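Below, each chain spelled out in residue letters.
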Amino acid sequence: MADMTITSPQAIPYCDETACIAAQCVPTLCVGKGVPSNEKLYARSSDVIPGGVNSSIRAFKSVGGSPYIVARGNGAHIWDVEGKKYVDLVQSYGAIILGHAHPAVTAAIQQAATDGTSYGAPTPREMKLAETISSRVASCEQVRLMNSGTEATSTAVRLARGATGRKVIVTFAGNFHGATDALLVAGGSGIATLGLPGTAGVPDEAVANTMVAPYNVVPRLTNDVAAVIVEPVAANMGVVAPAPGFLEGLRQECDRVGALLIFDEVITGFRLGRGGAQAKFDVRPDLTCFGKVIGGGLPIGAVGGRRDIMSVLTPNGKVFHAGTLAGNPLATAAGLAALNELTDDVYMEISARARHGASLLRDICSAAGINAHFPVVGTLVGMYIGKNGDASQQLPHNFDEAKTTDEKMYAQLFHAMLKEGVAMAPGAYEAIFFGLAHTDEVFAELARAAERAVAQVQH
Ligand SMILES: *Cc1c(COP(=O)(O)O)cnc(C)c1O
């Protein structure tokens, strides 16, 4: 079991501070005296960071326990501060597609950093990244870069409202668009319902013009709708493919009432293929939100779309957008380097790996009597755990169906996998992210660990 060897953690120096200086270790990496443990560092983080995390899911609330603290990553693997190695199926929730610390991306960031990290003036790299996105995604005649997927969806909503002069936004239950007030609505079931705040801190008024419809059914729109925003492949309720005709139907219905169609391709953009979900399903949105892959692992977001709509953004138009770090030199360098690697052949390869990974996990679960399904859409893999004994279980098509997944069983499997050296997302509704670094060798390691893990799950 060479893959399970506990290596000494090189990436995280630990010593007292005077010795630290003598040893010339990097003060920003040093966590002080004593051998670091996940538990100790998490406790320390929790003292100074709410919940010990900077993005809520990382705190393991839905699976229990406390998180591993990552010291470093390379390719398909991460190492925690105790030196334990994991096959990483999280891959920064999809921001990483080439594997951790990909040499081309790392070199691009290092080179860019030597020229300064932010100027507050236009740069060639942001122009090139916008050109690259525009040349690969036909609907994106113009592109505005920003700092996160959340900023992209909130900007797209403001832009759609400003451009149409209308207020109502239609979203779909089970879709996720980041921490944007107007889109943080509780998903209703049945026909389109008026949104209720999905979290404290969002007043009713902030979502008074947000309607929630069930995924995979084309809602009938009224002519006060500014935009429909949709994940063209839902990847935040497991992975749910668009039903045949769903995306085309949205396009037609938007055109009928003069509403804009916004694709949230923060996950699917440059992950499903060079042209994203819109190329795969051949439906052209008016606006597209990007994030994750286009930053090569650095903070980024973007809105792209029709020239006439994009020109409504300031400074040319009347809808305000600005950002101190927008178009950041390091993020655009990393993004360009990543996109440069992503040829059609690479996507074919990752799709093959996604199919392989999904069937490997399905077979191992099924041999252990776990009724788990791993839907594959291109390079994306989801997981849905059906009721045991019901072999005819259908894959979910919407949020109500997705929510019937066995969360308790997922939590057990998650912890068993973690113990055996596989890091899955600490939540039953996240996608599994296979990338270019998940080689046959990694799959062999994954299979051995998964076999040991499923044997520990009780059902
Ligand atoms: C991750 C995600 C977002 C939010 O992006 P952040 O960069 O985390 O703000 C928005 N939409 C979708 C579909 C996402 O998966």
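Residues numbered from 1 in each chain as written. Predicted model: local features only at pLDDT ≥ 70, side-chain atom pairs only at ≥ 80, totals over all residues. Heavy atoms only, no water.

A.B. asks: Explain the overall build of the protein to me, and be specific about the residues and the numbers.
C.D. replies: Looking only at helices and strands, the protein has 13 helices and 18 strands in total. The C-alpha radius of gyration of the protein comes to 22 Å, within 12% of the 23 Å expected for a compact globule of 459 residues. Along the first, second and third principal axes, the C-alpha set of the protein runs to 65 × 60 × 45 Å. Taken across its 459 residues, the protein has 54% of its residues classed as buried. A separation of at least 24 residues holds for 69% of the contacts in the protein among residues at least 6 apart in sequence. Within the structure as shown, the protein displays about 19,900 Å² of accessible surface, and the carbon and sulfur contribution to it stands at 54%. For the protein, the distance from the average site of its 36 positive side-chain charges to the average site of its 42 negative ones is 2 Å. (Helix = DSSP H or I, 4+ residues; strand = E, 2+ residues; numbered from the N terminus. Rg over C-alpha atoms; globule rule 2.2 N^0.38 Å. Buried < 20%, exposed > 50% of the residue type's maximum accessible area, 1.4 Å probe, protein only. Contact = heavy atoms within 4.5 Å. Areas by Shrake-Rupley, 256 points an atom, 1.4 Å probe, with all protein chains shown as cover. Lys, Arg positive; Asp, Glu negative; His and termini not counted. Charge placed at Lys NZ, Arg CZ, Asp CG, Glu CD.)

A.B. asks: Run through the sheet that holds strand β9 (residues 210-213), naming residues and quoting values.
C.D. replies: One open sheet holds the eight strands; their spatial order is β4-β13-β12-β11-β10-β5-β9-β7, and the pairing between them is mixed. In this open sheet, the two edge strands, each paired with only one partner strand, are β4 (142-146) and β7 (193-194). Pairing of strand β12 (residues 287-290) with strand β13 (residues 301-305), which is carried by four bridges, proceeds in the antiparallel orientation. Following the sheet pairing, F290 is matched in β13 by A302. Across the sheet, helix α4 (residues 124-136) lies against β4 and β12, angled at about 130° from β4, the strand it touches most. (Pairing = 2+ DSSP bridges. Axes fitted to C-alpha atoms, helices over the stretch in contact; angles between N-to-C directions.)

A.B. asks: Can you explain the pairing of β9? Please cite residues and give values.
C.D. replies: Judged from the four bridges that link them, strand β5 (residues 168-172) and β9 form a sheet pairing that is parallel. Considered in β9, the bridge of F172 is made with A213. Sheet topology places β7 next to β9; two bridges connect them, and they run antiparallel. Residue pairing across strands places L194 opposite M211, the latter belonging to β9.

A.B. asks: Give a detailed account of the packing of aromatic side chains, specifying residues and quantitative values.
C.D. replies: What the rule picks out here adds up to eight aromatic pairs. On the numbers, 5.6 Å between centres and 45° between planes, the contact of F270 with F290 is tilted. Of the two residues, F270 sits in the loop between β11 (260-264) and α7 (276-280) while F290 sits in strand β12, which places them 20 residues apart along the sequence. Accessibility classification places F270 together with F290 in one group, the buried group. (Phe/Tyr/Trp six-rings, centres within 6.5 Å; stacked < 30°, edge-to-face > 60°.)

A.B. asks: For the environment of K128, give the residues involved together with the corresponding values.
C.D. replies: Among the secondary structure elements, K128 is positioned in helix α4. In this structure, the C-alpha to C-alpha distance between K128 and R158, residues 30 residues apart in sequence, is 26 Å.

A.B. asks: Could you give an account of the site of the ligand, with specific residues and numbers?
C.D. replies: For the ligand, the full set of nearby residues is S148, G149, T150, F176, H177, G178, E231, N236, D264, V266, I267 and K292. With respect to the ligand, the side chain of K292 contributes an N or O atom lying 2.7 Å from an oxygen atom. Among the residues making up the shell around the ligand, the classes are represented as three nonpolar, six polar and three charged. (Near = heavy atom within 4 Å. Polar contact = N/O pair within 3.5 Å; in protein donor to acceptor, adjacent residues only side chain to side chain. Nonpolar A, V, L, I, M, F, W, Y, C, P; charged D, E, K, R; others polar.)

A.B. asks: Provide a residue-level description of the sheet that holds strand β3 (residues 85-88), including the pertinent values.
C.D. replies: Ordered by their spatial adjacency, four strands build an open sheet running β1-β2-β3-β18, and the pairing between neighbours is mixed. Two strands in the sheet have a free side with no partner beyond their single neighbour: β1 (70-74) and β18 (422-423). The sheet contact formed by strand β2 (residues 77-80) and β3 spans three bridges and is antiparallel. Looking at β3, one finds that H77 is bridged to V87. Together, β2, β3 and β18 form the strand contacts of helix α13 (residues 440-454), whose direction differs from that of β3 by roughly 110°.

A.B. asks: Give me the lowdown on unusual backbone geometry, citing residues and values where you can.
C.D. replies: For the bond from T314 to P315, the omega torsion is 10°, close enough to zero to count as cis. Mapped onto the elements of the fold, P315 is located in the loop between α8 (307-310) and α9 (329-341). With a phi angle near 55°, Y93 is a residue other than glycine that sits in the positive phi range. If you trace the backbone, Y93 turns up in the loop between β3 and α3 (103-113). Although it is not a glycine, K292 adopts a positive phi angle of roughly 40°. Residue placement: K292 occurs in the loop between β12 and β13.

A.B. asks: Pulling in residues and values, what's your account of the domain arrangement of the protein?
C.D. replies: As far as domains go, the protein holds domain 1 (18-97 + 343-458) and domain 2 (103-341). Summarising the inter-unit geometry, the C-alpha centres of domain 1 and domain 2 are found 26 Å apart. Taken together, the contacts link 28 residues of domain 1 with 27 residues of domain 2. Where domain 1 abuts domain 2, roughly 2,300 Å² becomes buried across the two surfaces, and 62% of that area is made up of carbon and sulfur atoms. Applying the counting rule to domain 1 against domain 2 returns zero salt bridges. Residue assignment for the side of domain 1 that touches domain 2 shows that the elements contributing at least two residues are α10 (344-367), β16 (380-381) and α11 (399-402). Across the side of domain 1 that touches domain 2, the residue classes tally to 18 nonpolar, seven polar and three charged. (Domains from an automatic or database assignment. Buried area = accessible area lost by both parts, 1.4 Å probe. Salt bridge = Lys/Arg side-chain N within 4 Å of Asp/Glu carboxyl O.)

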